Amino acid sequence: MFRNYIKTALRNLTKNKLYSGINIAGLTTALTACLLIGVFITHELSYDKFNKNSDRIVRATMEYKNAETVNSVATTGTKVGPQFKRTFPGVEEYARTFLSHNTVRLDDKIFDEPRILYADPAFFKIFSFDLIEGDAASALDAPDKIVLTRSMARKYFGNEQIALNKTLLSGGKDLRVSAICEDVPQNSQVKFDFVTQFLNLGNGVKEETWWTANWITYLLVRDKNSIAALQEQVIEYMNTAEVRKEARLEGNNYLTYHLEPLTKVHLHSNLSGFEPNGSVTYIYMFAAIALLILIIACANYTNLATAQSAGRSGEIGVRKVMGASKKQVFLQFIGESGVITAIAAVLAFSLAVFLIPYFNNITGKEFTSASLIRPVPIIALIVFSVIVSFFAGVYPALVLSGTKIIGILKKGFSFTGGNTRLRKTLIVAQFGISVFLIIYTAIILQQMKYMQTKNLGYEKDHVVVLPIGGKMLKEFKTLKDAFTQVRGVESVTAAYETPEYVEWGDGVTVTDEKGKLDISLNAMPVDLDFIKTLKMELLAGRDFQESDFAMMDTANNNANYHLPYIINESLAKKIGWSPQQAIGKTIENRATGPVVAVVKDFNFSSLHEPIGPLLMFLGRDFSRTFMVRINGNDMQSVLGRLEMVWKQRIPDRPFNYHFLDEDYNKLYEAEQRTSLLFSVAAGLAIILACLGLFGLAAFSTVQRTKEIGIRRVLGANVSNITLLIAKNFLSLVGIAIAAAIPLAWWAGEKWLQDFAFRVPINISVFIATAVVTILIALVTVSFHTVKAALSNPVKSLRTE
């Protein structure tokens, strides 16, 4: 019997190639989307769970209040790890970490490596990074040791087996390879190519301090169930008089730490660490997209199956006359649904493997076909296929199996009443989902365009960013002058960090006739020509100049040491000064000094955040990056000349550069990926919805063939007949549009609320979407109606 169902199903597939092709294409598309999105969601949810101690590892984050401002950061001072281990029995181990770039040399090979991790000796005890060679307990027990990943061992030595105990030169020190570990999994928030001891960062980390928070600290607790209790103990301890005195806390200022479970950091934390966090909200959104596309495909199958059945009345009638039971007819049509879904599942798996590289471009991940050829994706695909097969086929199967024999043989099938309501509901649902996704995508794309074109308060284009490291600070002036003299270079400056995302937290004290005012803010140590190079606008005053170094007098134990300051517009307003009033006023940061300029507010953090107070001070010794503005007309030639100067002056470091606008774009990678995913989803949704409408138009045209023939005989033209049949469908599309618009507006508003700088939702988006959707629907319906209207009415009437 089962064999007969399969044979009948295959016969019907080949007989109705158009409908079968549409069904298989729709279900293949939907299952492919579900499979790929499922792989992405599974990957995101698995972050850091490969660690054997994942449920006992926490990240300590810092919260402090100063000058009536509460700040939270993912970094801590050097004291947190060792002090918590000494103080709390529940803390078993700690690892302070810092990711940096530096040159690594082996003989005549020199590479600028961007992922060198500095970590405490317990790092490999806390985390489960598998060691191929070496011992976890001793891998970092001395400052002259370094651990390489398998890829780095092959890069430098050709073979990981011979790398052990070999010597590399980095940071001016000879480091012995003490262990080789497997390459870091993609689903790890801690990614590195090298690991060396934390104390190799220099004398600045040897002193234990609560402040100078530049380090990410992980703790291994003894009992996973004690994390909540340990959190309370930490808060209580940090509020003791001894700690407050040591941390120099006064009044209602405070300092405390929060313990974030490692497996919650990636999707649930607002504080990014070594890489930008994901978002559990986006996980829900991606899952919803997959589900919505699947619903549209299932609705398509249901609609097309009912459309097809109009031509199968004789077959079903004969089967029933020959004794087929309702159950047997039901199983026949469920079997057909199962065959179609099985074919779609096989095609979906093959298509997903083919699309993996393109999917990686959307998600920013590095999935391979091996990500799909695993038990979980394959079993999930089978389960989804069975569910889709049942829900897509159950309605037509029930209707077809439940129709009475006499009605079938006399009239054929006539789907009216409640069945009509269901089909109409499916059309409304399909187009409602499509319109929602189109509008929501349009809002995201408008915001992305706004972020790319917004005036940030500085010009980010054509600015080359070069790293400063090693001995370069000692030759800073010479190097800067050499870069400035390169033909095509317009200006050169340097700073601790680039201006698109300033992380340096600091504070100032202002004393005037109103009294003493402490303000918490962000700060930037910069060099001369910073304002000029980034083309910022000064509201009052002047840029830093060479004569300003004279006030930085270190004689007599810094008795006459002062710093010049440039403040932004927001800081001036917070103090209560106009830009002109601020010039010459004295403020105190590391030292007292005059305000020499007020710069117009510029975005120094993500557009998610409002512009806060910012302080810039002349701090050449803090510089970590050169910023070189070059002529945009001949960029490659200028870069070539810069490289020549670099190799002449800094032969021991590779010439590695990037552009400032690339740093800016990295801030919004998650939003860019989301916009791309929604664009693809919206396109798929409208295509699948039109396939469903195509099927229903075919169904309606077949059912009304005689009516169309009569109307043609009576003089109706093609446009009359097209509008007659299309108006019913277009009214349903109109209902879908009316239902989707307020939902899309609400969802768009919710998404935009995360941005301090945002576009207003323009009514033109809704109008354009509605018009385009109606036109697409009209073209889809017209294919069948025009074809029927142009056919010979005499033939239609004779056939009917």
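Bear in mind the structure is a predicted one, so any value in this text is a computation, not a measurement. Counting restarts for each chain: residues are numbered from 1 in the order of the written sequence. The predicted nature of this model means local features are confined to residues of pLDDT at least 70 and side-chain atom pairs, given and counted, to a pLDDT of 80 or more, with totals for whole chains, interfaces and linings taken over all residues. The basis for the side-chain values is all heavy atoms of the structure; hydrogens and waters are excluded.

Describing the overall build of the chain
This is how the line gets drawn: Strands are runs of DSSP state E lasting at least 2 residues, helices are runs of H or I lasting at least 4, and numbering of each runs from the N terminus. Each residue gets one of three labels from its accessible area relative to the maximum for its type: buried under 20%, exposed over 50%, partly exposed in between, using a 1.4 Å probe on protein chains only. Any two residues whose heavy atoms approach within 4.5 Å are treated as being in contact. For the area figures, the Shrake-Rupley method with a 1.4 Å probe applies, and any residue is considered shielded solely by the protein chains shown. A residue counts as positive if it is Lys or Arg and as negative if it is Asp or Glu; His and the chain ends are not included. To locate a charge, take atom NZ for lysine, CZ for arginine, CG for aspartate or CD for glutamate.
If you tally the helices and strands in the chain, you get 26 helices and 22 strands. Across its three principal axes, the chain shows a C-alpha extent of roughly 110 × 60 × 55 Å. Each of the 800 residues in the chain was classed as buried or not, and the buried ones make up 52%. Looking at the chain alone, contacts between residues at least 24 apart form 79% of all its contacts between residues at least 6 apart. Accessible surface computed for the chain: about 36,200 Å², of which carbon and sulfur atoms make up 57%. Averaging the locations of the 83 positively and 71 negatively charged side chains of the chain gives two centres separated by 16 Å.

Brief notes about the environment of L175
Looking at the element boundaries, L175 is found in strand 8 (residues 173–181). As for L175 and E459, which are separated by 284 residues in sequence, their C-alpha atoms are 42 Å apart. What L175 contacts, discounting residues up to four positions off in sequence, is P143, D144, K145, I146, K166, T167, L168, S170, T196 and N200.

What to know about the packing of helix 23 (residues 705–713) against helix 24 (residues 718–752)
Using the following cut-off: Here an axis means a line fitted to C-alpha atoms, over the contact stretch when the element is a helix, while the angle between two N-to-C directions is reported on a 0 to 180 degree scale. Crossings are assigned a handedness: left-handed for a near helix turned anticlockwise from the far helix by less than a right angle, right-handed for a clockwise turn. Asp, Glu, Lys and Arg are counted as charged, while Ala, Val, Leu, Ile, Met, Phe, Trp, Tyr, Cys and Pro are counted as nonpolar; the rest, among them Gly, fall into the polar class.
Close contact between helix 23 and helix 24 brings their axes to 10 Å; oriented N to C, the two are set at 145 degrees. As helix 23 packs across helix 24, the resulting crossing turns out to be right-handed. Facing helix 23, whose interface residues are E707, I708, R711 and R712, helix 24 presents I721, L724 and I725. Residue classes in the contact of helix 23 with helix 24 are distributed as four nonpolar, no polar and three charged.

Looking at the pairing of strand 9 (residues 194–197)
Quick reminder of the rule: For two strands to be treated as a pair, DSSP must find no fewer than two bridges joining them.
For strand 4 (residues 109–119) and strand 9, the ladder comprises four bridges, and the chain directions are parallel. Its bridge partner being in strand 9, I116 is matched across the sheet by F194. Pairing of strand 6 (residues 145–149) with strand 9, which is carried by three bridges, proceeds in the antiparallel orientation. Along strand 9, the bridge assignment pairs L148 with F194.

Some words on the packing of aromatic side chains
The line we're drawing: Aromatic pairs are defined between Phe, Tyr and Trp rings, using the six-membered ring for Trp, whenever the two ring centres lie within 6.5 Å; interplanar angles under 30 degrees are classed as stacked, those over 60 as edge-to-face, and all others as tilted. For a Lys NZ or an Arg CZ to count as sitting over a ring, it must be within 6 Å of the ring centre and within 35 degrees of the ring normal.
Enumeration over the complete set of coordinates arrives at 38 aromatic pairs. Centroid distance F602 to F604: 6.1 Å. Interplanar angle 70 degrees. Geometry classified as edge-to-face. Here W646 and F655 contribute two aromatic rings whose centre-to-centre distance is 5.8 Å and whose plane-to-plane angle is 65 degrees, an arrangement assigned as edge-to-face. Of the aromatic side chains, those joined through ring pairs into one cluster are F50, F123, F124, F127, F129, F192 and Y218. The ring centre of F111 lies 4.2 Å from the NZ or CZ of K155, which sits over that ring.

Some thoughts on the environment of Y284
Tracing the sequence through the fold places Y284 in helix 9 (residues 280–309). Note: C-alpha distance between Y284 and A716 (432 residues apart in sequence) is 51 Å.

Describing the side chain of T97
Inspection of the secondary structure puts T97 in strand 3 (residues 91–106). Ignoring sequence-local partners within four residues, the contact set of T97 consists of L117, Y118, A119, F123, F198, W215, I216, Y218 and F274.

With respect to the nonpolar core
The nonpolar side chains of a soluble globular protein tend to be buried, and buried together. How we decide: Definition used in this section: a nonpolar core is a set of buried Ala, Val, Leu, Ile, Met, Phe, Trp, Tyr and Cys residues joined via side-chain atoms within 4.5 Å.
If you look at the biggest cluster of nonpolar residues, it comprises 137 residues, and the most contacted ones within it are I289, F431, F530, I567 and M616. Contact partners of M616, with chain neighbours within four places excluded, come to M524, V526, F530, I531, F544, P564, Y565, I566, V599 and F602.

Notes on the pattern of salt bridges
Between side chains of opposite charge, a pair can form as their charged atoms come close. The criterion, for reference: A pairing counts as a salt bridge when a side-chain nitrogen of Lys or Arg comes within 4 Å of a carboxyl oxygen of Asp or Glu.
For the structure shown, the criterion picks out 27 salt bridges. R59 serves as the salt-bridge partner of E260, at 2.7 Å between the closest nitrogen and oxygen. Highlighted residues: E260 in strand 11 (residues 254–261) and R59 in strand 1 (residues 57–66), separated in sequence by 201 residues. R59 matches E260 in its accessibility class, with the two residues each being buried. K573 serves as the salt-bridge partner of E569, at 3.7 Å between the closest nitrogen and oxygen. A residue pair is termed a helical-turn pair when its members lie 3 or 4 positions apart in one helix, as E569 and K573 do in helix 18 (residues 569–575) at four residues. Looking at K573, the relative accessible area reads 58%, which means it is exposed. Salt bridges sharing partners connect three or more residues here, namely R56, K85, E92, E93 and K125.

A short note on a nonpolar patch on the surface
Put simply, the rule is: Only residues whose relative accessible area exceeds 30% and that form no salt bridge enter a patch; like-charged residues are grouped when within 9 Å of one another, and nonpolar side chains (Val, Leu, Ile, Met, Phe, Trp, Tyr) when within 5 Å.
A cluster of nonpolar side chains, I379, V383, I387, F390 and F391, forms an exposed patch at the surface whose accessible area comes to about 490 Å². Here F391 lies in helix 12 (residues 375–402).

Here's the deal with unusual backbone geometry
Of note, D48 is a non-glycine position whose phi angle comes to about 70 degrees, a positive value. Structurally, D48 can be placed in the loop between helix 2 (17–45) and strand 1. Given a relative accessible area of 1%, D48 falls into the buried group. Residues other than glycine seldom take positive phi values, yet K535 does so here, at roughly 55 degrees. Tracing the chain through its elements places K535 in the loop between helix 16 (530–533) and strand 16 (538–541). Owing to a relative accessible area of 42%, K535 belongs among the partly exposed residues under this scheme.

A word on helix 5 (residues 150–157)
The condition that has to hold: Summarising the geometry, the arc corresponds to the directions from the helix axis toward the C-beta atoms.
Listed as buried for helix 5 are R150, M152, A153, Y156 and F157. Along the axis of helix 5, the buried residues cluster in a sector spanning 160 degrees; they form a single face.

Quick look at the packing of helix 24 against helix 25 (residues 763–790)
Using the following cut-off: Each angle gets one of four labels, with under 35 degrees taken as roughly parallel, over 145 as roughly antiparallel, 65 to 115 as roughly perpendicular, and the rest as oblique.
Look at helix 24 against helix 25: their axes get within 8 Å of each other, and the N-to-C directions meet at 155 degrees. One element, helix 24, and the other, helix 25, form an angle in the roughly antiparallel class. Judged by the twist between their axes, the crossing of helix 24 over helix 25 is right-handed. Contacts between helix 24 and helix 25 involve V718, I721, T722, I725, A726, F729, L730, V733, I737, I741 and W745 on the former and, on the latter, F766, A770, T773, I774, A777, L778, V781, S782, T785, V786, A789 and L790. Partitioning the contact of helix 24 with helix 25 into residue classes produces 19 nonpolar, four polar and no charged.

Remarks on the side chain of N603
We apply this condition: Polar contact is the term for a pair of N or O atoms within 3.5 Å; when the atoms are in protein, one must be able to donate a hydrogen and the other to accept it, and sequence-neighboring residues count only if both atoms are side-chain atoms.
Take N603: it is sitting in the loop between strand 19 (592–599) and strand 20 (614–618). A distance of 2.8 Å separates polar atoms of two side chains, one belonging to N603 and the other to K454.

Comments concerning the confidence of the model for the chain
The predicted coordinates ought not to be read in detail in places where the model reports low pLDDT. To be explicit about the condition: The quantity called pLDDT is the predictor's confidence in a given residue, expressed from 0 to 100.
This prediction gives the chain a mean pLDDT of 86; 91% of its residues lie at or above 70. For the chain, per-element mean pLDDT is lowest for helix 13 (residues 405–411), which scores 54, and highest for strand 10 (residues 216–221), which scores 97.

Points about the environment of D481
The residue D481 is located in helix 15 (residues 476–484) in this model. Judged by its relative accessible area of 32%, D481 falls in the partly exposed class. On a C-alpha basis, the gap between D481 and V492 in space is 8.5 Å, while along the polypeptide they are eleven residues apart.

A word on the state of the cysteines
As a reminder, the rule being used: The rule for a disulfide is simple: a pair of cysteine sulfur atoms within 2.5 Å.
One pass over the full model with this rule turns up zero disulfides. Unpaired in terms of disulfides, C690 finds its nearest cysteine sulfur in C298, a separation of 18 Å. With a relative accessible area of 11%, C690 lands in the buried category.

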